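Overview (structure and organization)
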Amino acid sequence: MYMRSACQSHCRIGVALVLALTFLSGCTWMGDDRGLIVDRSDDYLDATSHRPLVVPPDLGLIEIEGGVQVPEVEAVDEARFFPGEPPKPEVLYGLREGESIRMQRLGERRWLLVPEPVSEVWPKFMRFLSEFGISTEGEAPVYGQVATAWINASDDGGSPAQAFIRDSRGEAGAGARDRFVFRLESSLREATTEIHARHLSDSGEPVAKEWPDASADTELESAILLESGRFLGANLGTSAISLVGADVRVRPKARIEEDASRAPILIFELDFERAWATLRLALEEASAEIQDLNREDRVIFATFSKARLREGEEPGFVGRMLSFGRGDSVDVRIEVTEIGSNWRVSVQGFDGGAIERETVEGILGLIREHAS
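Residues numbered from 1 in each chain as written. Predicted model: local features only at pLDDT ≥ 70, side-chain atom pairs only at ≥ 80, totals over all residues. Heavy atoms only, no water.

**Structural notes on the pairing of strand S9 (residues 264–268)**
Of all 5 residues making up S9, 5 are buried, and the element is well covered by its neighbours. Across the two faces of S9 the burial is the same, with Pro264, Leu266 and Phe268 and Ile265 and Ile267 all buried. Looking at chain direction, strand S8 (residues 254–258) and S9 are connected through 5 bridges and run antiparallel. Bridge assignment links Ile256 to a residue of S9, and that residue is Leu266. (Buried < 20%, exposed > 50% of the residue type's maximum accessible area, 1.4 Å probe, protein only. Helix = DSSP H or I, 4+ residues; strand = E, 2+ residues; numbered from the N terminus. Pairing = 2+ DSSP bridges.)

**Overview of the sheet that holds S8**
An order of S8-S9-S13-S12-S11-S10 is seen for the 6 strands of this open sheet, with the pairing classed as antiparallel. The strands lining the two open edges of the sheet, one partner per strand, are S8 and strand S10 (289–294). Ignoring which end each strand starts from, the neighbouring axes of this sheet average 25 degrees apart. With respect to the sheet, helix H5 (residues 272–285) is in contact with S9, S10, strand S11 (299–305), strand S12 (329–339) and strand S13 (342–349), its orientation differing from that of S11 by roughly 25 degrees. Here helix H8 (residues 357–370) sits on the sheet and contacts S8, S9, S11, S12 and S13; the angle it forms with S9, its principal contact strand, is near 20 degrees. (Axes fitted to C-alpha atoms, helices over the stretch in contact; angles between N-to-C directions. Contact = heavy atoms within 4.5 Å.)

**A short note on the confidence of the model for the chain**
Looking at the chain, pLDDT values average 76 and 65% of them are 70 or higher. Predicted confidence is poor over residues 76–83, with pLDDT under 50, and the contacts of this stretch with residues over four places away or in other chains come to 6 contacts. Here residues 87–97 is modelled with pLDDT under 50, and outside its nearest four sequence neighbours on either side it reaches 12 contacts, counting other chains as well. (pLDDT = per-residue confidence, 0-100.)

**A short note on unusual backbone geometry**
Backbone geometry at Ala191 places phi at a positive 60 degrees, although glycine is not the residue there. With respect to the element layout, Ala191 can be found in the loop between strand S6 (177–186) and strand S7 (193–201). On the basis of relative accessible area, Ala191 is assigned to the partly exposed category, the value being 44%. A positive phi angle, close to 65 degrees, is found at Arg262, a residue other than glycine.

**Here we look at the packing of helix H2 (residues 118–131) against helix H4 (residues 218–234)**
The contact between H2 and H4 brings their axes to 10 Å, and the two run at 115 degrees. Judged by the inter-axis angle, H2 sits roughly perpendicular to H4. Handedness of the crossing formed by H2 with H4: right-handed. Residue-level inspection shows Val121, Lys124, Phe125, Arg127, Phe128 and Glu131 of H2 in contact with H4, the latter providing Ile224, Glu227, Ser228, Phe231 and Leu232. The residue makeup of the contact of H2 with H4, split by class, is 6 nonpolar, 1 polar and 4 charged. (Parallel < 35°, antiparallel > 145°, perpendicular 65-115°, else oblique. Left-handed = near helix turned anticlockwise from the far one by under 90°. Nonpolar A, V, L, I, M, F, W, Y, C, P; charged D, E, K, R; others polar.)

**Examining the pairing of S13**
Most of S13 is tucked away: 7 of the 8 residues are buried. Inspection of the sheet shows S9 paired to S13 by 3 bridges, in the antiparallel sense. Each bridged residue has a counterpart across the sheet, and for Phe268 the counterpart in S13 is Trp343. With 8 bridges connecting them, S12 and S13 associate as antiparallel partners. The residue of S13 that forms the bridge with Val332 is Gly349. Here S12 folds back onto S13 in antiparallel fashion, the turn holding 2 residues, of which Gly340 has a positive phi close to 65 degrees.

**Overview of the environment of Phe304**
Relative to the assigned elements, Phe304 resides in strand S11. Here the alpha-carbon distance between Phe304 and Ile363, two residues 59 residues apart in the chain, equals 7.9 Å.

**Some details on the side chain of Arg274**
By the element assignment, Arg274 lies in helix H5. Excluding residues that lie within four positions of it along the chain, Arg274 makes contacts with Leu106, Arg109, Trp111, Ser187, Leu188, Glu194, Lys253 and Ser372.

**A short note on the packing of aromatic side chains**
For the structure shown, the criterion picks out 9 aromatic pairs. On the basis of an interplanar angle of 45 degrees and a centroid distance of 5.9 Å, the ring pair of Phe125 and Phe128 is categorised as tilted. Note that Phe125 and Phe128 are positioned in helix H2 at a spacing of 3 residues, about one turn of the helix. Look at Phe301 and Phe350: their rings are 5.2 Å apart centre to centre, the planes differ by 75 degrees, and that puts the pair in the edge-to-face class. Of the two residues, Phe301 sits in strand S11 while Phe350 sits in the loop between S13 and H8, which places them 49 residues apart along the sequence. The partly exposed category is assigned to Phe350, whose relative accessible area is 38%. The ring centre of Trp211 lies 4.3 Å from the NZ or CZ of Arg183, which sits over that ring. When the ring centre of Phe272 is taken as reference, the NZ or CZ atom of Arg298 above it lies at 4.8 Å. (Phe/Tyr/Trp six-rings, centres within 6.5 Å; stacked < 30°, edge-to-face > 60°. Lys NZ or Arg CZ within 6 Å of the ring centre and 35° of its normal.)

And the structure:
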């Protein structure tokens, strides 16, 4: 009996050792470069050069234009001495998703949206005017405003600006002189800039206002904005900070504050047309479900996902399954009211009652994040 027990004990130990060795070797097999889970973070260290591409003689070469010159990357010697964190080449500048210069439109209005602060955009924009052959006649950096001198586009030759105006307007406007007024100001989001433009012409009635209500030629207004956008797009990410541009009012047009009762509210420093359009677009971008909207009463009823408010993103399939039947949404009433020349956005329950402060802050934060 004793011997059989001892034999069973030895067998158990042997089996345990075999299982342990199998488990350890299995873990190694699962984690190495030939196993089930492959770590490819340092595979670039094994990269080799292939033969250069050879174009067959019966095919012609096509020259690719508009390429970007890649700077030389400093070589790193003996990179394999850093197995834990292999050194990688220096990252070249690139815009994150959604960070690009865009032309914004609202009815007949248009403006340029640049994903950089005014202090960086101002010197680049002034360089654009200089290289485009446009001299300035007045600058008011505190208001972000600059006016150009009169441009006589009927002269042959001349600056790029003269040729640009002739090409844009054609022969119909021959003999007229032109000038532009630009205004640079902070946009709705932090570290973004709006560029507005007005075109003036001395062929019609004189304009006494420093900032006209509309351009004499809206096509020229749009064309000069697009031209400046191309220039700024080619210089995004370059270092340029202006002390003059730093004087421009940098407070964003959308900010979260508290009202007299210390409830969070969102302030839009916009006219009502743009504030209402911005709010509707922001709700759509935030994936809110608009139940009803009343422009006359300035009220919107909407439904938000609680997962969206908590995490800032839409819940995935698993998240939706786990939250099924648990009240994973919140219905709110969003009201827009006038405060002087600004507009206040407040959030209540569907019946107008108060809801959790955390929920209100999450909704207002989503609206501000998606406002543009």
